[in-house]
Amino acid sequence: MFGKNPKRAPEMTDGLSLAVVEIFPTLQGEGPFVGQPAVFVRLGGCNLACDFCDTEFENFSAMPLSAILETIHAYATEGRDLVVITGGEPLRQNIAPLCEALIAAGLRVQIETNGTLWRDLPEAVHVVCSPKVTQGKYHPLRPDLLARVNALKFIVSADIADYHVVGEVGQARTTIPVYVQPMDEYDPARNAANAAHALHLAQSNGYRLSTQMHKL
């Protein structure tokens with residue numbers, strides 16, 4: 001959390017066991033599926049160490065794919081058919097077998113990625129990419145990932161220069177919808193300024209506003 005987690009390299013495995021932090025029913029609080037009941041699968045480890053990250057993803061343990069699927073199906077219902085695979089960075093691990101099994105079971109699958117890694121995934125997987133600033137700027141997304149992204153989500157701040165604008169990562173030549181989300185800096189005044197800045201960016205540029213509704 002907050003840039004203090006170790007950077008973990010991508011793993012080359014068969015995907016029949018994954019490092020899992022938790023699996024739980026909730027509402028998707030961000031992006032295209034905001035407000036929809038979902039089952040979250042939080043995977044462990046990340047290849048980045050962002051100083052604003054507020055997610056605990058280092059408290060993980062190995063879990064067989066069969067147990068992961070059993071837990072998801074225990075939570076999934078007719079009204080909760082969305083499975084969100086997040087982290088950490090989910091593409092650090094081989095999640096293809098998990099995605100394939102979930103889609104075969106008739107469930108919708110969304111992943112949330114930082115945009116630095118890619119693996120071949122079933123076409124039905126909905127990819128939400130939240131690009132991160134590295135070395136002081138945004139960098140173009142790798143072409144294989146950009147071709148599969150369904151939505152881009154930028155974290156914005158009124159005061160932090162690197163996060164003041166929406167970076168060009170390749171979206172200008174696409175029709176990928178762009179979401180802007182105010183950074184949570186755990187300070188009411190700064191958060192209010194960030195929310196106002198996100199509103200301004202959305203209205204001035206035709207972006208979509210994303211708030212962390214789950215924090216309600």
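Scroll up to find the structure.
In this text, all values refer to a predicted model and were calculated from it rather than measured experimentally.

Once that is clear, we can look at the pattern of salt bridges. A full pass over the atoms with the stated rule returns nine salt bridges. Note that Arg142 is salt-bridged to Asp144, the shortest N-O span being 2.8 Å. In this structure, the salt-bridge partner of Glu185 is Arg190, at a minimum N-O distance of 2.6 Å. Connected via shared salt-bridge partners are Asp159, Glu185 and Arg190.

Okay, the state of the cysteines next. Counted according to the given criterion, the structure contains zero disulfides. The thiol of Cys99 is unpaired, and the distance to the nearest cysteine sulfur, on Cys129, comes to 15 Å. For Cys99, a relative accessible area of 0% puts it in the buried group.

Right, let's talk about helix α4 (residues 188-205) for a bit. Relative to the 26 Å expected for 18 residues at 1.5 Å per residue, α4 spans 26 Å between its end C-alpha atoms, a close match to the ideal helical length. On the buried face of α4, the contacting elements are β7 (149-156), β8 (178-182) and β9 (208-209). In this structure Asp187 caps α4, since a side-chain oxygen of it lies 3.1 Å from the backbone nitrogen of Ala189. Taken from the residues just after α4, Gly206 is the one with a positive phi, measuring 75 degrees.

This part is about the pairing of strand β6 (residues 126-129). The side-chain alternation of β6 yields two buried faces, one formed by His126 and Val128 and the other by Val127 and Cys129. In this structure, strand β5 (residues 108-113) lies alongside β6, joined through four bridges in parallel fashion. Counted as the bridge partner of Gln110 is His126 from β6. Pairing of β6 with β7, which is carried by three bridges, proceeds in the parallel orientation. By the bridge assignment for β7, Val127 is matched with Val149.

Another aspect to go through is the packing of aromatic side chains. According to the stated counting rule, one finds three aromatic pairs in the structure shown. Centroid distance Phe24 to Phe40: 5.7 Å. Interplanar angle 35 degrees. Geometry classified as tilted. Remark: Phe40 occurs in strand β2 (residues 37-43) and Phe24 occurs in strand β1 (residues 17-27); sequence separation between them is 16 residues. According to the relative accessible area criterion, Phe24 is partly exposed, its value standing at 22%. Aromatic pair Tyr138 and Phe154: ring centres 5.4 Å apart, planes at 75 degrees, arrangement edge-to-face. Of this pair, Tyr138 sits in the loop between β6 and α3 (143-146) while Phe154 sits in strand β7, placing them 16 residues apart in sequence. When sorted by exposure, Tyr138 lands in the same class as Phe154, which is buried.

How each quantity is defined
Residues numbered from 1 in each chain as written. Predicted model: local features only at pLDDT ≥ 70, side-chain atom pairs only at ≥ 80, totals over all residues. Heavy atoms only, no water. Salt bridge = Lys/Arg side-chain N within 4 Å of Asp/Glu carboxyl O. Disulfide = S-S within 2.5 Å. Buried < 20%, exposed > 50% of the residue type's maximum accessible area, 1.4 Å probe, protein only. Helix = DSSP H or I, 4+ residues; strand = E, 2+ residues; numbered from the N terminus. Expected span 1.5 Å × (residues − 1). Contact = heavy atoms within 4.5 Å. Polar contact = N/O pair within 3.5 Å; in protein donor to acceptor, adjacent residues only side chain to side chain. Pairing = 2+ DSSP bridges. Phe/Tyr/Trp six-rings, centres within 6.5 Å; stacked < 30°, edge-to-face > 60°.

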